[in-house]
Structure formats: structure tokens, C-alpha cells
Amino acid sequence: MKLDFIDLGKLSVSKANMRYGRKAPDVTDILPTVRKRGVFMPVLVRPNSVPSGVEGGSQDTFEIVAGARRFHAASIVAGERREAGAEVEPLPCAILDEADDASAIEASLIENIARLSPDEVTQWETFARLVKEGRALADIAETFGLPDLAVRRILALGNLLPRIRQMYARDEIDRTTVRHLTLASKSQQKAWLALADDPENYLPTGHQLKLWLFGGQSIAVRHALFDVEASGLAVVADLFGEDAYFADADAFWTAQDAAIAARVETALDQGWADAVIVPPTEHFSTWEYEKAPKRKGGRVYIDVRASGEVTVYEGYLSRSEARRRAERCEGAASAKPVRPEATSAMQDYIALHRHAAVRAALIGHNGLALRLMVAHAIAGSPLWRVEIEPQKSRNDAVRESVENAPGEARFDEQRRAVLALLGFDPETPTVTGGDEGSTGLFLRLIDLPDTAVMEILTIVIGETLFANSALVDAVGTELGIDMASYWEADDAFFSLIRDKEVMRAIMGEVAGDTIALANGQEKTKVMAKIVRDHLDGRDGRSKVENWVPRWMAFPPAHYTERGGVASVAAHAEVEQARAEAHCPSPDTPAPVAAVEPLPLAA
């Protein structure tokens, strides 16, 4: 390589340059510097590959491999200087030795990636040219310092129809949608584009697109208990290198059921008392069982999910069965009954008097009472039966929407902190329903400060608060919750709206009465798209932020006179209870309490 100054007229952008064939690049950021000081960083060039005698060819001309923006900026300044009658300066150049096209392409992309981070479609075009020149995927990854997966993702765009790549480059579709489209055949891609062109039809994106591709059920290969390759089942692979799915769900379940049956036989051969298959319609909840080894009759439970995922729990018995077994073992251990020194009536006398003394002495010791209640709520007792809100829905999109909600992520983060505080396994799904007895848990809570116990209590209450209850409305109204901080409109929300009158009202609320009046007779899907465009600020629509539907707000409201919304009915129940108890609303100043509450005891 050597350095030289070359006249602008002898330079042109090489076909190997990633910006070849495109419109002139935006150089407004470097143009002032070039006007004032010129180009001081050499552009990379090589002798023109077009032979002399051919139009555009000359032995004295060069093609620019990297530095097209500097060249365009210098050309603009040269034109300005010619008009002013000033001298035009040549361009500093670093002249490459004769090299193949692949090396020139690499030089162009390396410089541009380091400086401008071009979009993935541009990178795909360049990487595809490198592959055509004979470069291996590993070589490309090493050259540009990218993981193999990153290069594979970019090259996967080549499986898409050109129009889909253009939509991705223009940010009309997101990365999740593109990743799922790489699973689609060319005919499926064409069918999807047809839906995109018809505003009357619903266009599936994201998770809904995956369901659309697989006819409503997508089962990941990673959930298979059997040898997928040996099974010969058809698999559709995600070209981004992340996911693969079974093309035939029924064939998967035939093979998976056989593998589960084999697991049952293996468990019995290993000496477990039984192996129980928990079907997708049920759920294995660890807090309803106790650990039990083989010698004490422990069973194996095989929890099967509708997604195809299977979890094996070894060595468990239901709490009631474990208790009965323990009682039988205790009875068998005492070969000769020993007469107790106190009769059963005396035992009752002692227990009841001690109980009366303890609960009377607890008065004023609010801290201990709080810890006792938390221990009961978590571990239970013969008088306490606390159940966890399962957050169930038959609709997959609803479940996925809740799982990805900001509020759910925040609660789960705090739950993990509480599990660590109590010394529980951080992967335990809930704090409530732990295997430890309430006595040991109470003694552990004594050593914790009030603030920590209150944090634990908050998580326990959150796990056991019934979703479809008026209490949710009462708490949310009392806290003055702004749902915009915990929720934003997603595909699942709009896919569940079937009522045109409601959709018109929402469109008027978001887009304004004028737009609602003009489009009020359109199909629900068309109106939903108008609302989405306003919420996202797309297609020239003014962006609307922090919108929350009336049903979800605190307090909630109807959209029509028909009503029939559970959240609004729950709020009415709360207001009725408030009126009967003569309690002020949250926005009304509360009167001063006649008696000061007792402080929490440490």
C-alpha cells in the first residue's frame, strides 16, 4: 500500500464499495470540516479494474473501496471552488495492491461498520457478496469481529422475499416478526404479504405470526424427550439460528407420549413407589407436596405442559399422605404404649390456657404478631389454607401478554429478592406454600427487621390476591395507580376486541371524534389499525402516549350503556362497601384518628 494525491476526476466509487449504486450519501455532518480543512484521512482505492479502451476505463483511474462519503463531500466542495474560480485540491488516497473483490468488500464494510453501523439489510447485501466471492461464514465472522450467530442472522435475511427485507429496512416490521418469517416458505411469505396489502384482513405479527405459520400450535424442538434426528419428524428451523419447531404437532405428541411412558417405566425400575403423569389440563404445585425418599414411598411426578415441555419431580408425596404415613410410622415405632402422665382432658386444659395467655400477651407486640401471620400465610397450618393466584387463561396470547408485562417483571424481581432473604431457592416459583414448617419460619422471621418482614408480606399478599375480586379495585384505587406505568397496548389486547361500537369509542378516544366519525363504519380490524397507528405515531398519525382503556383504569368505566364489564362491577361493589362503612374516597382527606395505632414492635 502506498499514499498519493489523486485528482477527483480520476476517482469513482467501486462496485465493491457497500454504498455503490445507492443515492448520494448524507454528508452534512462532515461537509463543514471538508470545506474548512479539506480531507485529511485518506480514502482506500485500488487501480480501476475496467480495462483501458472500455468506456469508463483508464490505466490512470482508481476506484474507491472505502471512503465514498469523503469523496462525495470533496466533490461538493470542488464544485463550489470551481464556481468561485479557486483551485481544486486532489484527494489523499491509500492505494491498495491488486486484490480480489472479497478483500475490497471487506475493507469497505469494516470501515463503514466502525463508523456508521449500517442497517442489517445493507450488511446482508455485503455479506452475501462475500459469500458469493467464496468467503466462509466463519471467515466473515472473524474478519468483522462478530459472533457466528450474528452473521447467520444477517445472512438469514436472504431467505426472505425482497419486499419483506425492504419492510424490515424501513422499520415497518420488527425483528421478532422477521425472525418468524424466516421460518416461512416462499408461498407462506407471499400469503403474509397479501394480508399486509389488504386492510380488511388481520396481519399476524410477533407471537401471533408463529401461531399462524404452524396452524395454532408451535412446539419447540428443545422440549422433545426423544431423539429428534432419529425420529425423522419434519422440523422447521429458524434461520436466525435460535429456534426450531415441529411441523406436525400430532406426530410430536405421539413420539413425546412414548418417551414419557418410557420415563414412567424407568422410574418404577429405579424403585420409586409410583410414577404419575400430570396432564396439561392440570398442574403440579410443589407447595401441595412434601419431599419423600424412595424408602418412605416417594413418587415421581411427570408434569406435562401444552407447550410440549416436560418437568420431572422425583420424590414427592401429597402433604396429607405424608402426614398419614408419618403417623403410621410413629405408631409402629412405639412397640409398647406408654401411659402419659397427663390425661387427654388435662392436655386440653394445658393447651387452651397456654393459648389464652399467648394471644393476650401478644397485644401490643405487633411485630411478633405480624411475623406469626406471615409464617402462617407462607407455610400454612391446620387452621390456615392459603392458595396462590394461578393467573390462568385459556388464551395463549393473554398469558404471554401478562408474562411480558412491566408489572409482572417488577414483581418477579422483588419476589426473587424475598426468596433470597428467606434462604429459599431463588428458582422457587412462589414464596407462599414453601415446604418449611410455620414454626421454623416464624423463628427465622424474628431475626429480620420490620421493613424486611413487610416486604415479604407484600409479596405474599401479591401472590395470594384473587385476580377477579373487588379487592384488586379497592387497592388500586387507594394507591391511585396509573396503569400507563404498568401496561401498554399490544396485539393481544386488540385481537380480543370484537365489538364495533366499543372499537368506535376507543378510536374516538385515541384518534379524535373527526377520525372516528369518518371511519366508524369500517371493520373492527381497520379501526384497530388506525388506533395502533396513533399509539405508535405511524403513517403520519399524531402519536398518542400513555393511553389506557377505560376498563383497565383506576377507577374503571364503561364504553357503552350496555356495561357488562367485571372491573366496573367490582368498582361499584367497592363504592357500595365504602358507603356502608362511611369511609371517605381516596381523594377525600381522611379524618384524624381518635386513637393512634400501636407501633410495630421490633
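Just so it is clear, the model here is predicted, and its values are computed rather than measured.

(A) How the structure looks around the overall build of the protein. Along the backbone of the protein there are 25 helices and eleven strands. Expressed as a percentage of the 602 residues in the protein, the buried residues total 36%. For the protein, contacts bridging at least 24 residues in sequence account for 65% of all contacts bridging at least 6. Put simply, the protein shows about 35,500 Å² of open surface, and 54% of that area lies on carbon and sulfur atoms.

(B) View of the packing of aromatic side chains. Evaluation of the coordinates by the stated rule reveals 15 aromatic pairs. Centroid distance Y313 to Y316: 6.1 Å. Interplanar angle 80°. Geometry classified as edge-to-face. For Y316, a relative accessible area of 10% gives the class buried. One aromatic cluster is present, built from ring pairs that chain together F284, Y289, Y301, Y313 and Y316.

(C) How the structure looks around the packing of helix α15 (residues 366–379) against helix α19 (residues 450–464). Remark: α15 packs on α19, axes separated minimally by 10 Å, with the N-to-C direction vectors making an angle of 30°. Every pair of crossing elements has a handedness; the one defined by α15 and α19 is left-handed. Here α15 contributes G367, L370, R371, M373, V374, A377 and I378 to the contact with α19, which in turn contributes D450, V453, M454, I456, L457 and V460. A breakdown of the residues in the contact of α15 with α19 according to their chemical character gives ten nonpolar, one polar and two charged.

(D) Region of the structure containing the sheet that holds strand β8 (residues 275–278). Taken in spatial order, the four strands line up as β8-β10-β11-β9 in an open sheet, and their pairing is mixed. Each edge of the open sheet carries a strand with a single partner, namely β8 and β9 (289–291). Adjacent strand axes in the sheet meet at a mean angle of 50° when their direction is disregarded. Pairing between β8 and strand β10 (residues 299–304): four bridges, direction parallel. Along β10, the bridge assignment pairs A275 with V300.

(E) Representation of the sheet that holds strand β1 (residues 2–6). Overall, mixed pairing links the five strands, which are arranged β1-β5-β3-β4-β2 in an open sheet. Looking at strand neighbours, the two that pair on one side only are β1 and β2 (11–13), the edges of this open sheet. The mean inter-strand angle of the sheet, taken between neighbouring strand axes irrespective of direction, is 45°. Two strands pair when backbone bridges link them, and strand β3 (residues 43–47) and strand β5 (residues 91–95) are joined in this way by three bridges, in the parallel orientation.

(F) Broad picture of helix α18 (residues 438–446). Within α18, burial applies to S438, L441, F442 and L445. One side of α18 carries all its buried residues, which in axial view fall inside an arc of 105°. Summarising the geometry of α18, the exposed residues directed more than 90 degrees from the buried face are T439 and L443. Elements in contact with the buried residues of α18: α15 and α19.

(G) Representation of the pairing of strand β11 (residues 310–318) within the structure. Across three bridges, β9 lies against β11 in antiparallel orientation. Bridging from a neighbouring strand, E290 pairs with L317 of β11. With six bridges joining them, β10 and β11 adopt antiparallel strand pairing. Bridge assignment links V300 to a residue of β11, and that residue is E314. As consecutive antiparallel partners, β10 and β11 are separated by five residues, and within that stretch G308 has a phi angle of approximately 100°, a positive value.

(H) Broad picture of the pattern of salt bridges. Under the definition given, this model contains 22 salt bridges. The salt bridge involving R538 is made with D533; its shortest N-O contact spans 3.3 Å. Among the residues examined, R538 registers a relative accessible area of 37% and is labelled partly exposed. A relative accessible area of 3% means that D533 is categorised as buried. Within this structure, D491, K529, R532, D533, D536, R538 and D539 form a network of salt bridges that share partners.

Rules used in this analysis
Residues numbered from 1 in each chain as written. Predicted model: local features only at pLDDT ≥ 70, side-chain atom pairs only at ≥ 80, totals over all residues. Heavy atoms only, no water. Helix = DSSP H or I, 4+ residues; strand = E, 2+ residues; numbered from the N terminus. Buried < 20%, exposed > 50% of the residue type's maximum accessible area, 1.4 Å probe, protein only. Contact = heavy atoms within 4.5 Å. Areas by Shrake-Rupley, 256 points an atom, 1.4 Å probe, with all protein chains shown as cover. Phe/Tyr/Trp six-rings, centres within 6.5 Å; stacked < 30°, edge-to-face > 60°. Axes fitted to C-alpha atoms, helices over the stretch in contact; angles between N-to-C directions. Left-handed = near helix turned anticlockwise from the far one by under 90°. Nonpolar A, V, L, I, M, F, W, Y, C, P; charged D, E, K, R; others polar. Pairing = 2+ DSSP bridges. Arc of directions from axis to C-beta. Salt bridge = Lys/Arg side-chain N within 4 Å of Asp/Glu carboxyl O.

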